[in-house]
Amino acid sequence: MIVFGALLVLLAVFGAPLFTVIAASAMLGYQREGIDLMAISIEMLGLAEMPFLSAIPLFTFAGYLLSASQAPKRLVRLTGALLGWMPGGLALVALAACAFFTAFTGASGVTIIALGAILYPALQHDGYPARFNLGLVTTSGSLGLLFAPSLPLILYGVIAEVSIDDLFRAGILPGMLMLVMLAGWSLWVNRANRKPLGDFSMREVGAALRESAWELPLPFVVLGGIYSGFFAVSEAAAVTAAYVLLVEVAILREITWRELPRIMRESMLLVGGILIILGVSLASTNYMIDADIPQRLLAFISDLVTSQATFLILLLVFLLILGAILDIFSAIVLVVPLVLPIAAQYGVNEVHLGIVFLAAMQLGYLTPPVGLNLFIASYRFNKPIMEVYRATLPFLLILAASVVIITFWPKLSLWLLAN
Amino acid sequence: MTENSPPLTADELRAPPGRLERLGTALENALLVLLLGAMMCLAVGQIAMRMFFQSGLIWADELLKVMVLWIALIASVAASRNQRHLRIDILSHFLPARIARLPGVIVSAFASLVCAIIAWHSWRYVSLTLEFNDTVLLDTPAWMVQGILPVACVLMSYHFAVDCIRNLAALVRDRQGAQVPQ
């Protein structure tokens, strides 16, 4: 058994698709317990019984569609008109625009490609230091992770069976904290060159608003609909996808009908990758629960760890390592069912746990050696990977500090839930 | 999520599977477009009915969930074709392409085998539901919904096998290239 386990780990490290590794481990487990292997297909078909799951393909599609249109450009212009008068304006614009865009596109790396392509040259042009720009754009690519309606939040809600509405509320303040800390640091670094992007002009705000008139209702309808309880998250996703399709393809015609199948396929490649892992992990999780693995893990940990604080430290270290190896989606699907019962024993609120989990995994996007954002930025801006590592490091440290605060200050996540 | 497949050479693109590849890709795209479109229409229609007529179709929610299953599996087949499955991506970034070929062969062979095993067992399961005349979604026979699982697994197994053979061929070619310096 141990030999097989080691072999599977080796295969995973050498790049076997994760879902095949998980499926193989589940099948080995079933085999050992004498359960018919048909069970794995029954579990996988359980994908068709999970609530709210349709939100994932629909939001992902909407996000890819938005990033293929001119919407990123309009978003940057609007944010610039609203925030550009502040000192260090463009850096703040970059942070705010990226956070907003990532929330809607699900932290799949499209932000760096869609917005970075506009912001990076603009920052350069405005005289910000090259290394700062690279770090800023790379970091911003996963910044909106904690804001509704990001995919990881939805996925956590589905897996942990926690109210997705609650998660959407809980993410707001911790997400703002990250933004504020990064903004503060950006201003500090550029204290010699804190020039505003331009004077505040009502005319420019008006023009930018008019230009984005078609997209403006989107956040209000989606977020308003979800927060007020009018839409379930899957309904909000359907409305978003249909609306974005209508606006970008039929009204603004920035994307032709001909391009549509390619964009759909591209977005569904990510969705297929996430959902098939979810499918096979339904089988492996079930096996692990049958085999009492969470209980055994808890027994093992409770000997070592007695207080909630120590547990949280241990959790953070674990998530940091996990984030450096696994992408956020696989990590949620695989690890949340194991961590959830243990965290409950230490009195960690399950909504707060979700925020901590995602915030810590966000660091994984930027952690060498395999952080996804690092590679996308290196590829997109044609910079050696080592340079991207160095440029991103200070941002990574700031974010790490914010994750520590978020972890040990549960009130921050739970504040908006109580009211 | 990252594209880590080495770019295909012109030869490989013109190889016999070329036409099959194009046909398969087109079929996947068509199905994905249809399913996504139907999903949007159904969900939006459902909201409209709730808002204006205070009613809705009882089976709509279940049908949406089935569509998610189908999208998941078809997209997963597409992801195997384009080598876009989520994986731990440590070595591919650091190993030179030539050295990465051997693990590539082993890993694809393993993936192909696992998919084949799942395909076999889901085939067994589906034929069982066929035998018992299980139904889902009002009176739809269950096999029509569940049949996608063995089909998708067979296709994925095929794609991984093709990938394995490609890597193997490239490995052999590298060898020969190394022995016969030009």
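All of these numbers come straight from a predicted model, not from anything done at the bench. (Residues numbered from 1 in each chain as written. Chains lettered and ligands numbered in written order. Predicted model: local features only at pLDDT ≥ 70, side-chain atom pairs only at ≥ 80, totals over all residues. Heavy atoms only, no water.)

Colleague: Can you tell me about the overall build of chain A, naming the residues and giving the values?
Modeller: Secondary structure assignment for chain A yields 22 helices and zero strands. Counting only C-alpha atoms, chain A reaches 70 × 45 × 45 Å along its principal axes. Across the 419 residues that make up chain A, the buried fraction comes to 60%. Looking at chain A alone, contacts between residues at least 24 apart form 80% of all its contacts between residues at least 6 apart. Approximately 16100 Å² of chain A is accessible, and the part contributed by carbon and sulfur atoms is 67%. Charge centroids of chain A, computed over 20 positive and 23 negative side chains, lie 16 Å from each other. (Helix = DSSP H or I, 4+ residues; strand = E, 2+ residues; numbered from the N terminus. Buried < 20%, exposed > 50% of the residue type's maximum accessible area, 1.4 Å probe, protein only. Contact = heavy atoms within 4.5 Å. Areas by Shrake-Rupley, 256 points an atom, 1.4 Å probe, with all protein chains shown as cover. Lys, Arg positive; Asp, Glu negative; His and termini not counted. Charge placed at Lys NZ, Arg CZ, Asp CG, Glu CD.)

Colleague: For the environment of Gly80(A), give the residues involved together with the corresponding values.
Modeller: Residue and element names in this part refer to chain A. For Gly80, the location among the structural elements is in helix H5 (residues 71-83). Sequence-wise, Gly80 and Met264 are 184 residues apart; in three dimensions their C-alpha atoms are separated by 30 Å. Excluding residues within four positions of it along the chain, Gly80 makes contact with Val93 and Leu197.

Colleague: Before we move on, could you go through the environment of Met27(A) and cite the residues and values that matter?
Modeller: Looking at where Met27(A) falls in the secondary structure, it is placed in helix H2 (residues 18-33). Residue classification places Met27(A) among the buried residues on the basis of a relative accessible area of 7%. The sequence separation of Met27(A) and Ala283(A) amounts to 256 residues, and the corresponding C-alpha distance is 8.5 Å. Beyond its immediate stretch of four places on either side in the chain, Met27(A) contacts Leu37(A), Ile40(A), Val114(B), Ile117(B) and Ile118(B).

Colleague: Outline the pattern of salt bridges, listing residues and values.
Modeller: Summed over the entire model, instances satisfying the criterion amount to twelve salt bridges over all chains. Arg84(B) is paired through a salt bridge with Glu266(A); the nearest N and O atoms lie 2.7 Å apart. Of the two residues, Arg84(B) is situated in the loop between helix H3 (60-81) and helix H4 (91-94) and Glu266(A) in helix H15 (residues 260-290); the pairing between them involves two chains. On the basis of relative accessibility, which here comes to 11%, the residue Arg84(B) falls in the buried class. With a relative accessible area of 27%, Glu266(A) lands in the partly exposed category. One salt bridge connects Lys65(B) with Asp61(B), and the closest N-O pair in it is separated by 3.8 Å. (Salt bridge = Lys/Arg side-chain N within 4 Å of Asp/Glu carboxyl O.)

Colleague: Could you give an account of the packing of aromatic side chains, with specific residues and numbers?
Modeller: What the rule picks out here adds up to ten aromatic pairs over all chains. Between Trp185(A) and Phe395(A), the ring centres sit 5.1 Å apart and the planes meet at 70 degrees, which makes this aromatic pair edge-to-face. Of this pair, Trp185(A) sits in helix H11 (residues 172-189) while Phe395(A) sits in helix H21 (residues 385-408); the two residues are 210 residues apart in sequence, bridging distant segments of the chain. Judged by relative accessible area, Phe395(A) falls into the buried class, the value being 1%. Their ring planes at 65 degrees and their centres at 5.1 Å tell us that Phe230(A) and Phe231(A) sit as a pair that is edge-to-face. An aromatic cluster is defined as three or more aromatic residues linked by ring pairs; in this entry it consists of Tyr128(A), Phe132(A), Trp185(A) and Phe395(A). When the ring centre of Trp188(A) is taken as reference, the NZ or CZ atom of Arg191(A) above it lies at 4.0 Å. Taking the ring centre of Phe230(A) as reference, the NZ or CZ of Arg50(B) above it sits at 5.3 Å. (Phe/Tyr/Trp six-rings, centres within 6.5 Å; stacked < 30°, edge-to-face > 60°. Lys NZ or Arg CZ within 6 Å of the ring centre and 35° of its normal.)

Colleague: Explain the interface of chain A and chain B residue by residue, including any values.
Modeller: Taken together, the contacts link 65 residues of chain A with 56 residues of chain B. Both sides together, the interface formed by chain A and chain B hides about 5400 Å², and carbon and sulfur atoms give 81% of it. Among the residues chain A hides against chain B, the three largest losses belong to Leu45(A), Arg265(A) and Leu269(A). Together they make up 13% of the total. Linking chain A with chain B are four salt bridges, by the criterion used here. (Buried area = accessible area lost by both parts, 1.4 Å probe.)

Colleague: Any details on unusual backbone geometry? Residues and values, ideally.
Modeller: Of the consecutive residues Ala148(A) and Pro149(A), the connecting peptide bond is found in the cis state with omega at -5 degrees. Considering the arrangement of structural elements, one finds Pro149(A) in the loop between helix H8 (130-140) and helix H9 (151-160). Not every positive phi belongs to a glycine, and Gln83(B) is a case in point at roughly 50 degrees. The residue Gln83(B) is located in the loop between H3 and H4 in this model.

Colleague: Tell me about the nonpolar core, and name the residues and values.
Modeller: Judged by nonpolar contacts, the single largest core of 200 residues is most densely connected at Phe61(A) and Phe357(A). For this core, the element with the highest residue contribution is H15(A), accounting for 15 residues. Residues in contact with Phe61(A), not counting those within four places in the same chain, are Ala241(A), Leu245(A), Leu260(A), Met264(A), Ser267(A), Met268(A), Leu36(B) and Met40(B). (Core = buried A, V, L, I, M, F, W, Y, C linked by side-chain atoms within 4.5 Å.)

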